[in-house]
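# Per-entry structural report
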Amino acid sequence: MPLKTKTSKRSTKIAVTLLSGLLPIVLGFVILHMQAERALKQSAQQTAEEAIRQFELMLDNTAQAARELLPLAGQSCSEINLALREQVTRRPFVRSTNLLWDDVIYCSSLFGDYHEKIASGDYSQGQLLLMKGNPVTPDTALLVYRLSKGKQGAMSTLDGYHLSNVLRLIGRQTLLALQIGPNWLTADGKFHDEALPAFKVAESKLTSSRYPFSVTAGFPKGETWVYMTSQYPPLFSLLIFFGMISGSIAHFLQKRTSSPTHEMQRALEAVEFVPYFQAVVHGETKAVSGLEVLMRWNHPKEGLVRPDLFIPFAEHSGLIVPMTRSLMQQTATLLAPLSASFKEPFHIGINITANHCQDLELVKDCREFLDAFVPGSIHLVLELTERELIEPTTITHQLFEQLHDLGVKIAIDDFGTGHSSLGYLRQFNVDYLKIDQSFVAMIGIDTLSSHILDSIIELAVKLDLAMVAEGVETQEQSDYLSAHNVNFLQGYLFGRPMPGAEFISALSAH
Ligand code: G
Ligand code: G
Ligand code: MN
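Just so you know, these numbers come straight off a predicted model, no measurement behind them. All residue numbers here refer to positions counted from 1 along the written sequence of the relevant chain. To read the labels, note that chains go from A and ligands from 1, taken in the order they are written. The predicted origin of the model limits local features to residues at a pLDDT of at least 70 and limits the giving and counting of side-chain atom pairs to 80 or more, whereas totals for whole chains, interfaces and linings rest on all residues. Heavy atoms throughout the structure, all of them, feed into the side-chain values; hydrogens and water do not.

## Focus: the overall build of the protein
Counting its regular elements, the protein contains 16 helices and 21 strands. The C-alpha radius of gyration computed for the protein amounts to 52 Å, which surpasses the reference 24 Å derived for 510 residues by more than 25%, pointing to a less compact arrangement than a globule. With the C-alpha coordinates of the protein rotated into their principal frame, the extents come out at 150 × 45 × 40 Å. Relative accessibility under 20% of the residue-type maximum defines a buried residue, over 50% an exposed one, and the middle range a partly exposed one, all with a 1.4 Å probe and only protein chains included. When each of the 510 residues of the protein is scored for burial, the buried share is 46%. Shrake-Rupley sampling with a 1.4 Å probe provides the accessible areas, and residues are treated as covered by the protein chains on show and by no other component. Total accessible area computed for the protein in this model is approximately 26,300 Å², and 57% of it derives from carbon and sulfur atoms. By the counting rule applied here, Lys and Arg register as positive and Asp and Glu as negative, while His and the ends of each chain are not counted. A charge is said to be at NZ when it belongs to Lys, at CZ for Arg, at CG for Asp and at CD for Glu. Once the 42 positive and 53 negative side-chain charges of the protein are each reduced to a mean point, those two points are 15 Å apart. A run of H or I in DSSP counts as a helix once it spans at least four residues, and a run of E counts as a strand once it spans at least two, with each numbered from the N terminus. The globule rule is 2.2 Å times the number of residues to the power 0.38, and the radius of gyration it is compared with is taken over C-alpha atoms.

Structure representation (structure tokens):
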């Protein structure tokens with residue numbers, strides 16, 4: 001049943017709403033994460049480039065000192081000592097200078113005469129060596145630049161303090177390391193000779209094209225998140241806003257499409273409410289004297305739906321009026337072509353709810369219905385159930401007066417189950433009583449109910465009202481009712497409710 005799906009799919013609906021709300025947030029978050037990673041990558045790259053530039057500038061100074069001293073190598077230390085010291089004073093960053101002969105330091109700006117063999121193989125491309133320290137400052141790293149030509153050699157050293165200073169100033173939020181051969185230096189001035197650990201986020205390694213060193217920049221783990229929380233709070237609010245909008249839209253759309261009213265509105269437009277006809281026969285002759293129109297919902301997914309399942313919703317939403325109109329139009333289209341062949345007025349019963357009687361629209365619908373038939377060929381009977389009585393107001397008074405003028409008949413449906421007074425029956429100009437099937441079912445079974453049935457019949461006779469007995473299923477019931485002069489009979493014994501077209505071919509066959 002379509003109207004029950006509302007509750008059974010509740011969890012799915014909540015899931016869809018949540019998903020629609022979360023999707024933009026998650027997607028937006030992924031995009032922001034990617035954006036943050038790109039920004040960090042770019043920043044690391046720029047920082048590394050800047051560091052390379054600064055180190056190359058410093059090395060240019062250092063190399064210049066070595067270049068100027070190299071031709072002096074071979075001369076005695078006392079002659080050239082002053083020249084060594086001059087370079088230390090003149091060149092920024094240069095801490096000491098040395099001259100070599102055949103890879104042996106024989107003269108130093110610090111100590112003068114000296115003797116120390118160096119291992120030229122330790123130098124990256126024979127040119128650069130990063131040292132942990134030297135005998136004078138064992139805890140300050142030191143970068144040595146070496147130049148040689150034949151047996152001549154010159155070396156100038158750069159204080160690690162300047163190097164780590166550059167790393168610190170340029171790096172700021174970025175992790176930076178200067179690497180020469182297997183050794184490297186970090187912004188805290190620390191010397192390392194183990195393998196360089198990877199930076200977890202946005203690692204970027206650049207190698208100088210002019211000197212044998214490289215710089216690695218990057219960020220510690222979690223930096224992407226730190227960056228996002230510092231840069232994107234307004235965007236986060238926007239994401240949550242979009243999520244809420246999207247979730248609300250999903251919620252609204254689902255509510256709209258799944259509400260019984262919306263579903264029935266759709267069905268009405270698709271003409272899914274179709275008429276079924278059930279025969280009403282003469283009590284005496286058992287000849288078909290008319291029919292009752294019973295609404296069925298030909299639902300595309302649920303199949304045929306019985307009216308008691310959806311009529312309450314239709315009444316509640318006011319859709320019952322256009323639904324009944326549609327049913328009347330379809331009935332007229334089906335039956336009008338036959339109307340010329342009706343020998344006596346054919347009874348067409350249409351069920352009407354109390355809600356339907358609150359304005360005069362019904363009069364117009366009935367007039368249009370009657371206009372479709374050969375004049376006088378039918379009796380339109382409006383069946384009002386006794387279970388919900390119509391409040392007598394000026395409008396209903398007018399309504400029934402106008403219906404009466406049109407020649408429309410009124411039947412009280414399910415008679416015996418409600419409590420209509422005689423005054424009521426007279427007020428609405430009732431023409432027929434439809435005896436409820438529960439009394440018919442008791443014939444031959446329950447004597448008390450049979451008594452009630454007898455008094456209903458008696459009452460109808462006294463009030464001069466025609467009677468229709470509903471739910472006649474057995475021959476015994478039929479015989480009993482005929483014997484008690486019930487004018488018309490209706491029930492499975494004479495025919496089940498069937499699709500309009502089927503009813504017509506059965507009727508024509510007789
Ligand atoms: O046909 P049966 O199961 O089908 O009908 C069930 C109930 O629905 C009955 O009480 C009948 O009066 C009511 N019903 C059937 N068709 C209509 C209709 O077109 N309008 C109204 N208001 N009630 C209907
Ligand atoms: O309330 P109203 O009388 O309009 O409803 C008629 C209802 O009775 C429909 O649901 C119709 O299908 C049903 N009906 C018609 N004939 C019989 C019958 O012989 N036996 C039973 N049990 N139901 C019937
Ligand atoms: Mn009825």
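## Thoughts on the domain arrangement of the protein
Per the domain assignment, the segments making up the protein are domain 1 (1-229) and domain 2 (273-509). Note that the domain bounds reflect an automated or database-derived domain assignment. Placing the centre of domain 1 and that of domain 2 at their C-alpha centroids yields a distance of 97 Å.

## Structural notes on the packing of helix α5 (residues 223-231) against helix α6 (residues 233-258)
Where helices are involved, their axes are fitted lines through C-alpha atoms of the stretch in contact, as for all axes, and angles between N-to-C directions lie from 0 to 180°. Relative to each other, α5 and α6 sit at 80 degrees, their axes nearing to 5 Å. Of the possible angle classes, the one that applies to α5 and α6 is roughly perpendicular. Of the residues in α6, those in contact with W225, M228, T229, S230 and Q231 of α5 are P233, P234 and F236. Under this scheme an angle from 65 to 115 degrees is roughly perpendicular, one under 35 degrees roughly parallel, and one over 145 degrees roughly antiparallel; angles in between are oblique. What makes two residues a contact is simply this: any of their non-hydrogen atoms within 4.5 Å.

## With respect to the coordination of the manganese ion (ligand 3)
Between any two of four tetrahedral donors, the ideal angle at the metal is 109.5 degrees; between two of six octahedral donors, it is 90 or 180 degrees. Distances from the manganese ion (ligand 3) to its protein donors, E292 (OE), N351 (OD1), E383 (OE) and D413 (OD), fall at 2.1 to 2.4 Å. Of note, the manganese ion (ligand 3) draws all its donor residues from one chain, in the sequence arrangement E-x58-N-x31-E-x29-D. Of the two residues, N351 sits in strand β15 (residues 346-352) while E383 sits in strand β16 (residues 378-385), which places them 32 residues apart along the sequence. Since its relative accessible area comes to 30%, N351 is described here as partly exposed. Taking the relative accessible area as the measure of exposure, E383 reaches 4% and is therefore buried. Water is not part of the atom set, so a site may look incomplete; the donors themselves are N, O and S atoms within 2.8 Å of the metal, or 3.2 Å for Na, K and Ca.

## Examining the sheet that holds strand β8 (residues 183-186)
If you trace the 5 strands from one edge of the open sheet to the other, you get β9-β8-β7-β11-β10, paired in antiparallel fashion. Each end of this open sheet is capped by a strand with a single partner; those strands are β9 (191-192) and β10 (201-207). In short, DSSP must find at least two bridges between two strands for them to pair. Direction of pairing for β10 relative to strand β11 (residues 214-219): antiparallel, over a ladder of 5 bridges. Residue pairing in the sheet places V201 in a bridge with F219 of β11.

## Some thoughts on the site of ligand 1
Residue proximity to a molecule or strand is established when one non-hydrogen atom of the residue lies within 4 Å of it. Residues in contact with ligand 1, as listed here, are L294, M295, R296, R306, P307, D308, I311, L327, N351, T353 and D413. Polar contact is defined as a pair of N or O atoms within 3.5 Å, subject to the rule that within protein one atom must be able to donate a hydrogen and the other to accept it, and that residues adjacent in sequence are counted only when both atoms are side-chain atoms. Between an oxygen atom of ligand 1 and a side-chain N or O atom of N351, the distance comes to 3.3 Å. Taken by itself ligand 1 offers 490 Å² of open surface, and the protein chains cover 80% of this. Among the secondary structure elements, those contributing two or more residues to the shell around ligand 1 are β13 (288-299) and α8 (307-317). Split into classes, the residues belonging to the shell around ligand 1 amount to 5 nonpolar, 2 polar and 4 charged. Under the scheme applied here, ten amino acids are nonpolar (Ala, Val, Leu, Ile, Met, Phe, Trp, Tyr, Cys and Pro), four are charged (Asp, Glu, Lys and Arg), and all others, including Gly, are polar.

## What to know about the site of ligand 2
Q278, E292, E470, E473 and Y492 are the nearest of the 14 residues found near ligand 2. Between ligand 2 and the protein, one listed contact pairs an oxygen atom with a side-chain N or O atom of E292 at 2.8 Å. Interatomic distance of 3.0 Å between a side-chain N/O atom of D414 and an oxygen atom of ligand 2. Protein chains bury 78% of the 510 Å² of accessible surface belonging to ligand 2 in isolation. Elements represented by at least two residues in the shell around ligand 2 include exactly β13 and β17 (409-415).

## What about the state of the cysteines?
Two cysteine sulfurs form a disulfide in these notes if their separation is within 2.5 Å. This structure, assessed with the given rule, holds 1 disulfide. Residue C77 pairs covalently with C107 via a disulfide, S to S 2.0 Å. Taking the sign of the torsion about the S-S bond as the criterion, the disulfide between C77 and C107, at about 70 degrees, is right-handed. Here C77, found in helix α3 (residues 77-90), pairs with C107, found in strand β2 (residues 104-108); they are 30 residues apart in sequence, far enough to count as distant. With no disulfide of its own, C357 has C366 as its nearest cysteine by sulfur position, at a separation of 9.4 Å.

## Section: helix α16 (residues 500-509)
For α16, every residue scored as buried is listed here: G500, F503 and I504. Summarising the axial view, the buried residues of α16 lie within an arc of 100 degrees, below the 170-degree limit, and thus occupy one face. Exposed positions of α16 whose direction lies more than 90 degrees from the buried face are A501 and A509. For α16, the elements touching its buried residues are β12 (273-282), β13, α9 (320-335), β15 and β21 (498-499). Arc definition: it is the arc formed by the directions from the helix axis to the C-beta atoms.

## What to know about the pattern of salt bridges
Counted as salt bridges are all cases of a side-chain nitrogen of Lys or Arg within 4 Å of a carboxyl oxygen of Asp or Glu. The tally for this structure, following the rule as stated, stands at 19 salt bridges. Residue R325 is joined to E361 by a salt bridge in which the shortest nitrogen-to-oxygen separation is 2.5 Å. Here R325, found in helix α9, pairs with E361, found in helix α10 (residues 361-371); they are 36 residues apart in sequence, far enough to count as distant. Under the relative-accessibility criterion, E361 is labelled partly exposed at 35%. What emerges from the salt-bridge pattern is a single network uniting E292, E383, K434 and E470.

## Remarks on a nonpolar patch on the surface
For patch detection, residues must exceed 30% relative accessible area and be free of salt bridges, and they are connected within 9 Å for like charges or within 5 Å for nonpolar side chains (Val, Leu, Ile, Met, Phe, Trp, Tyr). On the surface, a cluster of nonpolar side chains totalling about 750 Å² of accessible area is made up of L235, L238, F241, F242, I245, I249, F252 and L253. With respect to the helices and strands, the residue I249 is situated in helix α6. For I249, a relative accessible area of 47% translates into the label partly exposed.

## Some details on the environment of L335
Looking at where L335 falls in the secondary structure, it is placed in helix α9. Separated by 166 residues in the primary sequence, L335 and A501 place their C-alpha atoms 9.2 Å from one another. Other than its neighbours up to four places away in sequence, L335 contacts F277, L291, I348, F373 and I504.

## Overview of the packing of aromatic side chains
The geometry of an aromatic ring pair is captured by two quantities: the separation of the ring centres and the angle between the planes. Working definition: rings of Phe, Tyr and Trp (its six-membered ring) pair if their centres are within 6.5 Å, and the pair is stacked with planes under 30 degrees apart, edge-to-face with planes over 60 apart, and tilted otherwise. Scanning all chains against the criterion turns up 16 aromatic pairs. Both rings, one in F55 and one in F213, keep their centres 5.9 Å apart while their planes meet at 90 degrees; by these two values the pair is edge-to-face. With a gap of 158 residues between them, F55 in helix α2 (residues 10-69) and F213 in the loop between β10 and β11 connect regions that are remote in the sequence. F213 shares its class with F55; the two are buried. Both rings, one in W297 and one in F310, keep their centres 5.4 Å apart while their planes meet at 85 degrees; by these two values the pair is edge-to-face. Of this pair, W297 sits in strand β13 while F310 is found in helix α8, placing the two residues 13 residues apart along the sequence. A relative accessible area of 0% places W297 in the buried class. Classification of F310 by relative accessible area gives buried; the value is 0%. Pairwise contacts between aromatic rings join F29, W225 and F236 into one cluster. Either the NZ atom of lysine or the CZ atom of arginine qualifies as a charge over a ring when it sits within 6 Å of the ring centre and within 35 degrees of the ring normal. The positively charged end of R146 is found above the aromatic ring belonging to Y123, 5.8 Å away from the centroid. Here the basic side chain of R496 rests over the ring of Y492, its NZ or CZ set 4.0 Å away from the ring centre.

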